[in-house]
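Residues per chain are reported as follows:
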Amino acid sequence: MKYRIFAATAAIAFSAQIFAQPPGGQPGMGQPGMGQPGMGQPGMGRPQAPDEELPREVVETLTYHQGYRLASNIQQAAPEAEREPIFNGLRSVLSGEQPNEEMIAYFQSPFFQGSQMAQQAAQQGMDAGEVLQGISDALADFPARHEEEEVEAAMQTLQTYMMTMQQAMQAGQQPDAEPPEAELGIISYQQGRELAGQVSAGLEDAETARFVEGFQAAIDDELDPARQGYFQGYQIGGQLLQQGADPDKLIQAITDVLEGNAPAYSEEQIQSAMETLQQMQQQQQSQQQQSQQRQMQAMQEQAEQNQAAGEDFLRENAARDEVVTTLSGLQYEVLEEGDGDKPEAEDIVTVHYTGRLLDGTVFDSSVERGEPTEFPLNRVIPGWTEGLQLMSPGAKYRFWIPANLAYGMQAPPAIGPNQVLDFEVELIKVGE
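Given the structure is predicted, the values throughout are model-derived calculations rather than measurements.

Participant: How would you explain the pairing of strand β2 (residues 331–336) if you had to name every residue and give the values?
Facilitator: Inspection of the sheet shows strand β1 (residues 324–325) paired to β2 by two bridges, in the antiparallel sense. Among the inter-strand pairings, valine 324 is bridged to a residue of β2, identified as tyrosine 332. Taken together, β1 and the strand that follows it, β2, pair antiparallel across an intervening segment of five residues, in which glycine 329 is found at a positive phi of about 105°. Pairing between β2 and strand β6 (residues 396–401): five bridges, direction antiparallel. When the bridges of β6 are listed, valine 334 appears paired with tyrosine 397.

If you want it as structure tokens, here you go:
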């Protein structure tokens, strides 16, 4: 089974640095998932990029250079039967043309999907033949060829091999160990059995059979080179366009290679453009670091202010007769008692709640959403885990949760670092 990965396609990832323009605007901070209290994670977003963009002539020069190198590598590395179809697919997508109906039908067929899965399996280092055997056995309801213990042992052996390879590369050594073939075959077979469910979902028996035929055709290297080449070219071109490449410059570069023309840009022009790109990248990295430092400094200052304000509030609040302070520092007031067994940390509880900051800002409320929330009590912030174990179903409590029992420094933007949280909570029921 042959898989052809051109050196040119590896350049696509590098070309993304050229084609993608630096984004402007403010850094996006993300939105925490506040549906369940204590479950949200803050999003740090992307630091602000430099305002200036690469000069247009630099983008054009480097786009052309990448296109010229891509086309040259295809000419040198692609099998002759696939070479022209690859260029046809490339020029088609760069020109904004759609594949014809026959080609679209082929790309959407179970046969083509099977061939793609076979190629992906091989590219990931799997034994494609064993993967197909696993798929076929599962579809035919044959018993698995390997016991669960055998699969687990093979997985451990493969993990040990991968760790050894990684350690060797980190030490700058050339790994010389070969992958354990027997264990790789077992894992590949098991992967095939697990994939069988995806294969059969939504496919008729005849379509499933065509999928298997496509998988086998890829293993036997019997795929139509014209169709496969066109698809590969169309896929490469689509990736380049997604990265913001100039299609006209790419088409010009491909045309020059096919017609035997000299490159449109000199080595000096390309080198100058590369240096400009590197300078812009260095500038962007520097600005990102500065932006991150400013954000961290501002967060630290805000955290110190919130910490001081929270401690003052809790000190004054603790003096109120109706407020109870636990050993952990959690404070609560009983608004309405309930009846029944109190939950334990492992229980699932259903609650209505409203969460506020000390200034009265509501940052989350199941009451406003009109739907109570259900969650395992040991999966939320410590203040909730402790506080709800004091309540019986039907009870309503008010909790003031110190920062160390809430989000602390990891608070989402809607809350802020080291905030004391004020919750009104009604425990509706314990258990599912």
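Participant: Tell me about the pattern of salt bridges, residues and numbers included.
Facilitator: Applying the stated criterion across every chain, the model contains 12 salt bridges. A salt bridge links arginine 56 to glutamate 60, with the shortest nitrogen-to-oxygen separation between them at 3.4 Å. Of this pair, arginine 56 and glutamate 60 both sit in helix α2 (residues 56–77), four residues apart, which is roughly one turn of the helix. The partner of glutamate 333 in a salt bridge is arginine 320, with the nearest N and O atoms 3.3 Å apart. Pair noted here: glutamate 333 is in strand β2 and arginine 320 is in the loop between α12 (267–317) and β1, with a separation of 13 residues, a long-range link. Shared partners join several salt bridges into a network, and the residues in it are Arg56, Glu60 and Asp246.

Participant: Can you tell me about the environment of aspartate 359, naming the residues and giving the values?
Facilitator: Here aspartate 359 is to be found in the loop between β3 (348–356) and β4 (362–365). Through-space distance from the C-alpha of aspartate 359 to that of aspartate 422 is 9.6 Å; in sequence the pair is 63 residues apart. Side chain to side chain, aspartate 359 and threonine 361 meet in a polar contact 2.8 Å long.

Participant: Could you give an account of the nonpolar core, with specific residues and numbers?
Facilitator: Core analysis: the largest hydrophobic core is formed by 31 residues, its most contacted members being Phe107, Met117, Val131, Ile135, Phe211 and Phe215. Where this core is concerned, the elements lending two or more residues are α4 (101–107), α5 (110–123), α6 (128–139), α7 (148–170), α8 (181–200), α9 (205–219) and α10 (225–242). The residues contacting methionine 117, other than those within four sequence positions of it, are Ile135, Leu195, Val199, Phe211 and Phe215. In terms of nonpolar packing, the next biggest core, distinct from the first, is built from 28 residues, Phe87, Ile236, Val257 and Tyr265 among them.

Participant: Lay out the packing of aromatic side chains in plain terms, naming residues and giving numbers.
Facilitator: For the structure on display, the rule yields 19 aromatic pairs. With a centroid separation of 6.4 Å and 50° between ring planes, the pair formed by tyrosine 332 and phenylalanine 399 is classed as tilted. With a gap of 67 residues between them, tyrosine 332 in strand β2 and phenylalanine 399 in strand β6 connect regions that are remote in the sequence. The same class applies to tyrosine 332 and to phenylalanine 399, which are both buried. Counting every residue linked through ring pairs, the aromatic cluster contains Tyr106, Phe107, Phe111, Phe112, Tyr230, Phe231 and Tyr234. Between the NZ or CZ atom of arginine 227 and the centre of the ring of tyrosine 106, over which it lies, the distance is 4.3 Å.

Participant: Requested: an account of the side chain of glutamine 228, with residues and values cited.
Facilitator: As for its position among the elements, glutamine 228 is in helix α10. In this structure the side chain of glutamine 228 is engaged in a polar contact, spanning 3.2 Å, whose partner is the side chain of tyrosine 106. Excluding its chain neighbours within four sequence positions, the residues that come into contact with glutamine 228 are Tyr106, Phe112, Ser115, Gln116, Gln119 and Leu223.

Participant: Describe the pairing of strand β7 (residues 421–430), and please don't skip the residues or the numbers.
Facilitator: Here eight bridges tie β3 to β7, and the two strands are oriented antiparallel to one another. In the strand pairing of β7, glycine 355 is matched with phenylalanine 423. Inspection of the sheet shows β6 paired to β7 by six bridges, in the antiparallel sense. Its bridge partner being in β7, tryptophan 400 is matched across the sheet by aspartate 422.

Participant: Pulling in residues and values, what's your account of the environment of glutamate 150?
Facilitator: Mapped onto the fold, glutamate 150 is located in helix α7. For glutamate 150, a relative accessible area of 34% gives the class partly exposed. Along the primary structure glutamate 150 and isoleucine 186 are separated by 36 residues, whereas in three dimensions their C-alpha atoms are 8.1 Å apart. Residues in contact with glutamate 150, not counting those within four places in the same chain, are Arg145 and Ile186. Separated by 3.4 Å, the side chains of glutamate 150 and histidine 146 make a polar contact.

Rules behind the numbers
Residues numbered from 1 in each chain as written. Predicted model: local features only at pLDDT ≥ 70, side-chain atom pairs only at ≥ 80, totals over all residues. Heavy atoms only, no water. Pairing = 2+ DSSP bridges. Helix = DSSP H or I, 4+ residues; strand = E, 2+ residues; numbered from the N terminus. Salt bridge = Lys/Arg side-chain N within 4 Å of Asp/Glu carboxyl O. Polar contact = N/O pair within 3.5 Å; in protein donor to acceptor, adjacent residues only side chain to side chain. Core = buried A, V, L, I, M, F, W, Y, C linked by side-chain atoms within 4.5 Å. Buried < 20%, exposed > 50% of the residue type's maximum accessible area, 1.4 Å probe, protein only. Contact = heavy atoms within 4.5 Å. Phe/Tyr/Trp six-rings, centres within 6.5 Å; stacked < 30°, edge-to-face > 60°. Lys NZ or Arg CZ within 6 Å of the ring centre and 35° of its normal.

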